[in-house]
Amino acid sequence: MRLILLGAPGAGKGTQAQFIREYYGIPQISTGDMLRTAVQAGTPLGLAAKQVMESGGLVSDEIIIGLVRDRIQAADCAKGFLFDGFPRTLPQAEALKKAGVALDVVVEFQVPDEDIIERLSGRRIHLNSGRVYHVRHSPPRTPDRDDVTGEPLIQREDDRTDIIRKRLAVYHAQTSLLVAYYSDWATSGETQAPRLIQVDGTRPVEEVRQVLRAQLGA
Ligand code: AP5
Ligand code: ZN
């Protein structure tokens, strides 16, 4: 199974990815998580990406396409994978298509901007695993500690209100175009076209998961 999760910052991509990757036994390829790990480790990639990410902009298509190209060649991707936060621009989507990567499903989580600030300002993450919590909607069992490892949770640098607004603007200007791109492809009649599933992401986490399960036939 090969899927793409599309949606605004805070729409719930990482949250629902946790159940999808476990259900299908496929890796979650989150370009955001990969970049944050590189920033943390201080690698050349991390140094190149740090400022762009902290300002809410997009890392260059060239860097991202190279990163994903390498990642999907790894052995654990043989059974499929789940893209979370990729592609994010038309050139990224075109590069994926040109590479001949056969996709099964594109999921779009629909959440209005008004809900996003509250979600992202209450978000806490476990950096090493990418597990996502929310102080009210999905609290960890012990405050500010990861449920699995007990390690501390952190707040992302880009989850500040001014940066969230910038990320939303970038989403509307660039990434939201991909919804029409995949919708046109899905209705083109091409046999290679992935199915587009559009989900109301404003429902509680468990409800979104149930709707998605039903739509995926999972
Ligand atoms: P990335 O890490 O991909 O961030 P994002 O797209 O902005 O998405 P988020 O991770 O903020 O949101 P999410 O949809 O995963 O929401 P979550 O499930 O955590 O990218 C970060 C940066 O890296 C980018 O800005 C860019 O600079 C760079 N980058 C990454 N990929 C790139 C690419 N392809 N090209 C160029 N640059 C790239 O949920 C959010 C919160 O809401 C959580 O607290 C959660 O608990 C809560 N929540 C989730 N679902 C619900 C629900 N149904 N009800 C209530 N609360 C909920
Ligand atoms: Zn995420």
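Note that the structure is predicted; figures quoted are calculated from it, not measured.

### What about the side chain of Arg156?
Structurally, Arg156 is set in the loop between β6 (131-134) and α7 (161-175). Judged by its relative accessible area of 15%, Arg156 is buried. When near neighbours in sequence (up to four residues on either side) are disregarded, Arg156 contacts Arg36, Arg123, Ile125 and Arg167.

### Comments concerning the packing of helix α2 (residues 31-41) against helix α4 (residues 61-71)
Here α2 crosses α4 at 100°, and the two axes come no closer than 11 Å. On the basis of the axis angle, α2 is roughly perpendicular to α4. Across from Thr31, Met34 and Leu35 in α2, the residues of α4 making contact are Ile64, Leu67, Val68 and Arg71. The residue inventory of the contact of α2 with α4, partitioned by class, reads five nonpolar, one polar and one charged.

### Thoughts on the layout of surface pockets
Each pocket or cavity is described by its volume, and for the largest pocket that value is around 1000 Å³. Taken together, 50 residues line the largest pocket, and the ones lying closest to its centre are Pro9, Gly10, Lys13, Arg123 and Arg156. Counting only elements with at least two residues in the lining of the largest pocket, the list comes to α1 (13-24), β2 (28-30), α2, α6 (113-121), β5 (123-126), β6, α7 and α9 (205-216). Broken down by element, the residue count for the lining of the largest pocket peaks at five residues, all from α2.

### Some points on the pairing of β6
Neither face of β6 is exposed, since Arg131 and Tyr133 on one face and Val132 and His134 on the opposite face are all buried. Of the pairings in the sheet, the one linking β5 to β6 comprises four bridges and is antiparallel in character. Bridging across to β6, His126 finds its partner in Arg131. The hairpin turn running from β5 into β6, its antiparallel successor, is four residues long, and Gly130 in that turn takes a positive phi close to 80°.

### Side note on the UniProt feature "binding site: ATP" (unreviewed entry) in the protein
The UniProt record marks Gly10, Ala11, Gly12, Lys13, Gly14, Thr15, Arg123, Val132, Tyr133 and Arg203 with the feature "binding site: ATP" (unreviewed entry), using the residue numbering of this structure. Lining of the largest cavity among the annotated residues: Lys13. Following the sequence through the fold, Val132 ends up in strand β6. Using a relative accessible area of 19% as the deciding quantity, one classes Val132 as buried. When near neighbours in sequence (up to four residues on either side) are disregarded, Val132 contacts Gly14, Thr15, Gln18, Arg123 and Arg124. Mapped onto the secondary structure, Tyr133 falls in strand β6. Every residue in contact with Tyr133, bar those within four places of it in the chain, is listed here: Gly122, Arg123, Arg124, Ser138, Pro139, Pro140, Asp146, Asp147 and Leu153. Within polar-contact distance, the side chain of Tyr133 engages the side chain of Asp146 at 2.6 Å.

### Regarding the sheet that holds β2
The five strands lie next to each other as β2-β3-β1-β4-β7, forming an open sheet whose pairing is parallel. For this open sheet the edge positions go to β2 and β7 (195-200), each flanked by a neighbour on one side alone. Averaged over all pairs of adjacent strands, the angle between their axes in this sheet comes to 20°, without regard to strand direction. Taken together, the three bridges between β2 and strand β3 (residues 81-84) define a ladder with parallel strand orientation. The residue bridging Ser30 from the neighbouring strand is Asp84, located in β3.

### A closer look at α4
Residue pairs three or four apart in sequence face the same way in an α-helix, which turns once every 3.6 residues. Every buried residue belonging to α4 is among Ile64, Ile65, Leu67 and Val68, and all of these are buried. Down the axis of α4, the smallest arc covering the buried residues is 160°, so these residues share one side. Of the residues in α4, the exposed ones pointing more than 90 degrees away from the buried face are Glu62 and Asp70. Summarising the contacts, the buried residues of α4 are in contact with α2, α3 (44-55), β3 and α5 (90-98).

Cut-off values and rules
Residues numbered from 1 in each chain as written. Chains lettered and ligands numbered in written order. Predicted model: local features only at pLDDT ≥ 70, side-chain atom pairs only at ≥ 80, totals over all residues. Heavy atoms only, no water. Helix = DSSP H or I, 4+ residues; strand = E, 2+ residues; numbered from the N terminus. Buried < 20%, exposed > 50% of the residue type's maximum accessible area, 1.4 Å probe, protein only. Contact = heavy atoms within 4.5 Å. Axes fitted to C-alpha atoms, helices over the stretch in contact; angles between N-to-C directions. Parallel < 35°, antiparallel > 145°, perpendicular 65-115°, else oblique. Nonpolar A, V, L, I, M, F, W, Y, C, P; charged D, E, K, R; others polar. 1 Å grid on protein atoms, 1.4 Å probe; cavity = no way out; pocket = protein on both sides within 12 Å on 5 of 7 lines; lining within 4 Å. Points joined across faces, edges and corners; volume = space filled by probe spheres on them. Pairing = 2+ DSSP bridges. UniProt positions renumbered as here; feature names shortened; annotations may be inferred. Polar contact = N/O pair within 3.5 Å; in protein donor to acceptor, adjacent residues only side chain to side chain. Arc of directions from axis to C-beta.

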